[in-house]
Amino acid sequence: MKRRNFIGTSAAASVGFLSTSAAMANNIKPKTTAKLKYNINHSVCYWCYGSIPFEDFLKNLVELDIRSIDLVGPDEFPLLKKYNIHASMCWGAGMGIEKGFNDLSLHDELIADYERVIPLVAEAGYTNLICFSGNRNGMNDLVGLRNCAIGLKKLMPLAEKHGVVLQMELLNSKVDHKDYMCDTSEWGVSLCEAIGSEHFKLLYDIYHMQIMEGDIIRNIENYHQYYGHYHTGGNPGRHEIDETQEIFYPAVMKAILKTGYTGHVAQEFVPSWENKIDALKQGVTICDV
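None of the values given here were measured: they were computed from a predicted structure.

Definitions and cut-offs
- Residues numbered from 1 in each chain as written.
- Predicted model: local features only at pLDDT ≥ 70, side-chain atom pairs only at ≥ 80, totals over all residues.
- Heavy atoms only, no water.
- Core = buried A, V, L, I, M, F, W, Y, C linked by side-chain atoms within 4.5 Å.
- Buried < 20%, exposed > 50% of the residue type's maximum accessible area, 1.4 Å probe, protein only.
- Helix = DSSP H or I, 4+ residues; strand = E, 2+ residues; numbered from the N terminus.
- Expected span 1.5 Å × (residues − 1).
- Arc of directions from axis to C-beta.
- Contact = heavy atoms within 4.5 Å.
- Polar contact = N/O pair within 3.5 Å; in protein donor to acceptor, adjacent residues only side chain to side chain.
- Salt bridge = Lys/Arg side-chain N within 4 Å of Asp/Glu carboxyl O.
- Phe/Tyr/Trp six-rings, centres within 6.5 Å; stacked < 30°, edge-to-face > 60°.

## Overview of the nonpolar core
1) Next: Core analysis: the largest hydrophobic core is formed by 92 residues, its most contacted members being Ile69, Leu166 and Phe200.
2) Next: Here this core takes seven residues from helix H5 (residues 141-162), the largest share from any one element.

This is how it looks when you write it as structure tokens:
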């Protein structure tokens, strides 16, 4: 299942579980064979494992001692509480990847939706909420940047009040998300500077930025203050992050740690192995520097 099709549909995976008590969390014990160092705060994007029922996947995370999950919304929050899994990057607001804040005609609807979801994220005890620039659709990048800043600035007082950080994801426009506007660090950093709030950051997706600009470690060193979250993925192919691809993730993780980063790194590769959980375990182990 592609991520763009998964957005907005994942809630159905957990609707039937919403009444479950959180009391069972204390009875669930990790069953790892090798203890994680946790210098890196590990997380994982559920959409890559969408063939596994959501609650079963949370049980897998408990067994692996992966304590956080990415790209989940308010409908999933009760199950996260049950299994004591943190939501390191929330979604549930917006109109998807292709329709974002660069379109002034969408601002009223987008702002109203984020105003609805920001308090829900805060009430659940979470911090990060994803957002998107939208596609260019012939728009000049500077115009799109200005438009994004206009809309997102209106949300900053509410985000600051609730302690929520809106994070715009950097995505490649070459392979996976043709025409997406926020496709380079330079553009994203310029938007951060235009907004001027610590409650707006960039979600730095290592896979996507390897495709668009490379120079991953240098950009992390130069722009880390603007990066609020990280995603992984093997390039080419967006599969496992091992020796089958071109990014050497241990070095990237060490560079992230060197900046003093204390947030989360979420695995967002699409497993090619028959046993997807084993692939996830391998990815986390590679990043556990």
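## A short note on helix H10 (residues 276-287)
1) Next: End to end, H10 covers 17 Å across 12 residues, agreeing with the expected 16 Å (1.5 Å per residue, within 8%).
2) Next: Where H10 is concerned, the buried positions are Ile277, Ala279, Leu280, Gly283, Val284 and Cys287. Buried residues of H10, seen end-on, are gathered within an arc of 155° and therefore sit on one face of the element.
3) Next: Contacts from the buried residues of H10 go to strand S1 (41-44), helix H2 (54-64), helix H9 (249-258) and strand S8 (264-267).
4) Next: Between the side-chain oxygen at the start of H10 and the backbone nitrogen of isoleucine 277 there is a gap of 3.1 Å, and the oxygen is on asparagine 275.

## Some remarks on the pattern of salt bridges
Where charged atoms from two side chains of opposite charge come close, those side chains can pair.
1) Next: Throughout the structure, instances matching the rule amount to eight salt bridges.
2) Next: Between aspartate 183 and arginine 136 there is a salt bridge, with the nearest N and O atoms lying 3.1 Å from each other. Residue aspartate 183 is located in the loop between strand S5 (165-169) and helix H6 (185-195), and its partner arginine 136 is located in the loop between strand S4 (128-131) and H5; the two are separated by 47 residues in the primary sequence.
3) Next: On the basis of relative accessibility, which here comes to 15%, the residue arginine 136 falls in the buried class.

## Considerations on the packing of aromatic side chains
We describe a pair of aromatic rings using the distance from one ring centre to the other and the angle between the two ring planes.
1) Next: In the structure shown here, the tally under the stated rule is nine aromatic pairs.
2) Next: Taken together, a centroid distance of 5.3 Å and an interplanar angle of 50° make the contact between tyrosine 46 and phenylalanine 57 tilted. Taken together, the positions of tyrosine 46 in the loop between S1 and H2 and phenylalanine 57 in helix H2 put the pair 11 residues apart, joining distant regions of the chain.
3) Next: Residue classification places tyrosine 46 among the buried positions, given a relative accessible area of 3%.
4) Next: Residues tyrosine 230 and tyrosine 261 carry aromatic rings whose centres are separated by 5.0 Å and whose planes lie at 90° to one another, so their mutual orientation is edge-to-face. Taken together, the positions of tyrosine 230 in strand S7 (residues 227-231) and tyrosine 261 in the loop between H9 and S8 put the pair 31 residues apart, joining distant regions of the chain.

## Let's talk about the environment of aspartate 242
1) Next: Assignment of secondary structure puts aspartate 242 in the loop between S7 and H9.
2) Next: Measuring from C-alpha to C-alpha, the distance between aspartate 242 and isoleucine 286 comes to 7.5 Å, with 44 residues separating the pair along the chain.
3) Next: A polar contact is formed between the side chain of aspartate 242 and the side chain of threonine 244, at a distance of 2.5 Å.

## Looking at unusual backbone geometry
1) Next: For the peptide bond that leads from asparagine 235 to proline 236, omega is 5°, which places it in the cis range.
2) Next: Tracing the chain through its elements places proline 236 in the loop between S7 and H9.
3) Next: For tyrosine 38, which is not glycine, the phi dihedral falls at a positive 60°.
4) Next: Following the sequence through the fold, tyrosine 38 ends up in the loop between helix H1 (3-6) and S1.
5) Next: Its relative accessible area of 15% is what places tyrosine 38 among the buried residues.

## Section: helix H4 (residues 107-123)
1) Next: With 17 residues, H4 should reach 24 Å at 1.5 Å per residue; the first-to-last C-alpha distance of 24 Å fits that figure.
2) Next: Those residues of H4 not exposed but buried are His107, Leu110, Ile111, Asp113, Tyr114, Val117, Ile118, Pro119 and Val121.
3) Next: Looking at the packing, one finds that the buried side of H4 touches helix H3 (77-83), strand S3 (86-90), S4, H5 and S5.
4) Next: Just past H4, the residue glycine 125 takes up positive phi, approximately 90°.

## A closer look at the environment of isoleucine 130
1) Next: Considering the arrangement of structural elements, one finds isoleucine 130 in strand S4.
2) Next: For isoleucine 130 and leucine 202, which are 72 residues apart along the polypeptide, the C-alpha to C-alpha distance reads 9.1 Å.

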